[in-house]
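Each chain, letter by letter, is given below.
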Amino acid sequence: MIALLLAFMPALAADTNVERDYEIALTQGQFAIELQDFPVAIGHLKRAIELKPKEAVARVSLGVAYSRSGDLAAARDSLQKAVAVDGSDARARYELALVLAKLGQTEEAKAQMAQAAKSGDPEVSAAAKEYLEGTGGAKKKFTTKLSGGLQADSNVILEPDAPMTPGVNNSD
């Protein structure tokens, strides 16, 4: 019985490491986008996709990174793959529509934006509807919400219990 359990332990640990490594790569990539360091973002996001190719979130972020870096063809490809992985991802459709519009593919852009407007995400839906009504000249920038438990550092004291260190004379 123990031998059987030990035989499966490496596989369980590998699954845990894949999830952890994916979250780290995704978070680093999204953070690099916010810092406008697109080559770094693209590297991290490609790593995340290698780890979990069936997750749309990393593909959407990769498409955003490519779009903001000016590589619209790569952005389109990444966002189309994100839509193929998860057709219900309104953010993927919204970002794809913006890229298609920049590439002059107006009808396809409108079709993707119409799908995004039907989403249950109120922020994306409102932005897509605004775009379709012709008032979306100013592109709405969505912020990336970092999630997961890997970002916390338990060694950082956010609010000290006592502003003074006991045993230290802080009056000097």
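Our structure's up above, just so we're on the same page.
All values derive from a computational prediction rather than experimental measurement.

(A) View of the nonpolar core. Formed by 30 residues in total, the largest nonpolar core has its most connected members in Ile-33 and Leu-45. Broken down by secondary-structure element, the contributors of at least two residues to this core are helix H1 (2-34), helix H2 (38-51), helix H3 (56-69), helix H4 (72-85) and helix H5 (90-102). Setting aside chain neighbours within four positions, we find Leu-45 in contact with Leu-26, Gly-29, Gln-30, Ile-33, Ala-58, Ser-61, Leu-62 and Ala-65. By size, the runner-up hydrophobic cluster in this structure holds 10 residues, among which are Leu-98, Ala-116, Val-124 and Ala-128.

(B) Structural context of the packing of aromatic side chains. Scanning the entire structure with this criterion turns up zero aromatic pairs. The ring centre of Tyr-22 lies 5.0 Å from the NZ or CZ of Lys-52, which sits over that ring.

(C) Up close: the side chain of Lys-52. Residue position: Lys-52 is located in the loop between H2 and H3. Given the relative accessible area of 19%, Lys-52 is considered buried. Polar side-chain contacts of Lys-52 include one of 2.6 Å to the side chain of Glu-19. Among residues more than four places away in sequence, those in contact with Lys-52 are Val-18, Glu-19 and Tyr-22.

Thresholds applied
Residues numbered from 1 in each chain as written. Predicted model: local features only at pLDDT ≥ 70, side-chain atom pairs only at ≥ 80, totals over all residues. Heavy atoms only, no water. Core = buried A, V, L, I, M, F, W, Y, C linked by side-chain atoms within 4.5 Å. Buried < 20%, exposed > 50% of the residue type's maximum accessible area, 1.4 Å probe, protein only. Helix = DSSP H or I, 4+ residues; strand = E, 2+ residues; numbered from the N terminus. Contact = heavy atoms within 4.5 Å. Phe/Tyr/Trp six-rings, centres within 6.5 Å; stacked < 30°, edge-to-face > 60°. Lys NZ or Arg CZ within 6 Å of the ring centre and 35° of its normal. Polar contact = N/O pair within 3.5 Å; in protein donor to acceptor, adjacent residues only side chain to side chain.

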